[in-house]
Every structure is written in C-alpha cells, then in structure tokens.
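A closer look at the structure
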Amino acid sequence: GEDVEQSLFLSVREGDSSVINCTYTDSSSTYLYWYKQEPGAGLQLLTYIFSNMDMKQDQRLTVLLNKKDKHLSLRIADTQTGDSAIYFCADGTGANNLFFGTGTRLTVIP
Amino acid sequence: GAVVSQHPSRVICKSGTSVKIECRSLDFQATTMFWYRQFPKQSLMLMATSNEGSKATYEQGVEKDKFLINHASLTLSTLTVTSAHPEDSSFYICSARAGTQSVLDTQYFGPGTRLTVL
C-alpha cells in the first residue's frame, strides 16, 4: 500500500523559517495536502497542491512538490509560537482515501 | 471554511458499555464521511468510509460489528463502539467530504473525541 513518511520532530527559533519534509510512494497521487493538528484537536487543512504543480504559496506557507522524487515540503516563513503543532502530509486522489504521514511535531522556541 | 463538529469531545466509560460518537457537517452536505482512529503520537488510521444512505466500507482489520457506523443523513454520521474495552481507548476523528470529483472535495476534519474505557 501507500507509504507516506515524515521526520518526527523539528525545532526552530521564533522568526526563523521551518521546513517540514514528506516523501510518498504512490505515483498516481492527484492531490497532496498539509494538515495541522494542535494538542487535543482534530486536523485543520492548511493547504493542498495539485500533482501537476511544482509550487504553491499562500501567505507564510510555501509548498514545494518534486513529483519525480515524490518529495513534498512545507515551508513556514517567520515561524511563530502559535505554529507549534503536529503537521501531517497526506496523499490523496480526490475520490479515494487519504494516506497520512506519521506527522512532524514542530516546536517553536521563543 | 467548512465546519465539522463531533460530540462528545471526551467520554469516559466502563468496560462492556457502548458509546456513540456523533459527527456533523454544519454548513455543507457531506456525501461521504470518514472515521479515523489516532493512537498517541501516531498518525491517523482510517477505520471506515461511509456514504449517506448506504453501508459503511470498513478497512481491513476493523471489526464492523464492534464499530457500528450509521450515515443516515447528509449532515450526520455516528460511530458506536459496542462493548467497549480498554484497548478501544483512543482519539477518534471524523471527517466529511462534500463531493467526490473536485479538488474542492477535501476532507474537513472534526475536532476529535477522546474515548477512555476503564
């Protein structure tokens, strides 16, 4: 089945940029998503990217997709303490299920 | 954006009892709802997919007689954990999707329900 992997932890200083990486195995992926989960809460959709796009920017968030290497990244500019959370990448084909990565716990140090 | 609610947010029950968790899409009609289970510090594992008015499709390894799913309307799905045991303690999250073919058919997630079985 689909395998989506992320590094488990990332620490950055407030004001720096954060880059969270994700690799996936399904070459037929149509959409790739980034979700944020705060403690004790459900998942909040942050952004998504079509598989035929290389980059998408949305305010402080930049998503880069390297389809050849099946590598997805999320860059958060000017990281704030409120950005501390677990970030999940997810691979989906729209009509079918989402396959979630293991999640990356981002800690922002004041 | 689309809002999905879950009720209750937290429940503690005794072993052997049944617990019902509700998932509602508040401002859109959800043709499909998903139920996930999340263990501490782990990713979400899909349990089942349900389409309004039809039987849920369960993932391999998920007991359909233990986790009863009902999707009776376009805004409500329920998950009933029957004869709950301590190993069923987990964080249950539902998601809802309006359609099936468009990029806008994203899954919107509820806030989750923390189930603790004593």
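Everything below is about the structure shown above.
Thresholds applied
Residues numbered from 1 in each chain as written. Chains lettered and ligands numbered in written order. Predicted model: local features only at pLDDT ≥ 70, side-chain atom pairs only at ≥ 80, totals over all residues. Heavy atoms only, no water. Contact = heavy atoms within 4.5 Å. Buried area = accessible area lost by both parts, 1.4 Å probe. Salt bridge = Lys/Arg side-chain N within 4 Å of Asp/Glu carboxyl O. Polar contact = N/O pair within 3.5 Å; in protein donor to acceptor, adjacent residues only side chain to side chain. Pairing = 2+ DSSP bridges. Helix = DSSP H or I, 4+ residues; strand = E, 2+ residues; numbered from the N terminus. Axes fitted to C-alpha atoms, helices over the stretch in contact; angles between N-to-C directions. Core = buried A, V, L, I, M, F, W, Y, C linked by side-chain atoms within 4.5 Å. Buried < 20%, exposed > 50% of the residue type's maximum accessible area, 1.4 Å probe, protein only. Disulfide = S-S within 2.5 Å.

This next bit is on the interface of chain B and chain A. Each side of the interface is counted separately: chain B has 26 residues, and chain A has 21 residues. Interface of chain B and chain A: buried area, both sides summed, is about 1,600 Å²; carbon and sulfur atoms make up 55% of it. Across the contact surface, chain B and chain A share 0 salt bridges. In this assembly, chain B and chain A are joined by 4 residue pairs in polar contact (both at pLDDT 80 or more).

On to the sheet that holds strand β1 (residues 4–7) of chain B, then. Note: strands within a sheet are paired through backbone hydrogen bonds, in either parallel or antiparallel orientation. Residue and element names in this part refer to chain B. Taken in spatial order, the 4 strands make up an open sheet running β1-β3-β8-β7, and their pairing is antiparallel. Each having just a single partner strand, β1 and β7 (67–73) make up the two edges of the open sheet. In this sheet, neighbouring strand axes are inclined to one another by 15 degrees on average, regardless of whether the strands run parallel or antiparallel.

Let's shift gears to the nonpolar core. All names here are of chain B. Judged by nonpolar contacts, the single largest core of 23 residues is most densely connected at Trp35, Leu79, Tyr92 and Leu115. The set of elements that each furnish at least two residues to this core consists of β2 (10–13), β3 (19–25), β4 (32–38), β5 (44–51), β7, β8 (76–81), β9 (90–97) and β11 (113–117). In this structure, Leu115 is in contact with Val11, Cys13, Val19, Val81, Asp88, Ser89, Ser90 and Tyr92, ignoring residues within four places of it in sequence.

If you walk through the whole model with that rule in mind, you get 2 disulfides over all chains. Through a disulfide, Cys22 of chain A is tied to Cys89 of chain A; the S-S separation comes to 1.9 Å. A torsion of 65 degrees about the S-S bond marks the disulfide between Cys22 of chain A and Cys89 of chain A as right-handed. Remark: Cys89 of chain A occurs in strand β9 (residues 85–92) and Cys22 of chain A occurs in strand β3 (residues 18–24); sequence separation between them is 67 residues. For Cys22 of chain A, a relative accessible area of 2% gives the class buried. Two residues, Cys23 of chain B and Cys94 of chain B, share a disulfide whose sulfurs are 2.0 Å apart. A torsion of 80 degrees about the S-S bond marks the disulfide between Cys23 of chain B and Cys94 of chain B as right-handed. Placement of Cys23 of chain B in strand β3 and of Cys94 of chain B in strand β9 is noted, with a sequence separation of 71 residues between them.

Treat this as a map of the structure, not an account of what it does.
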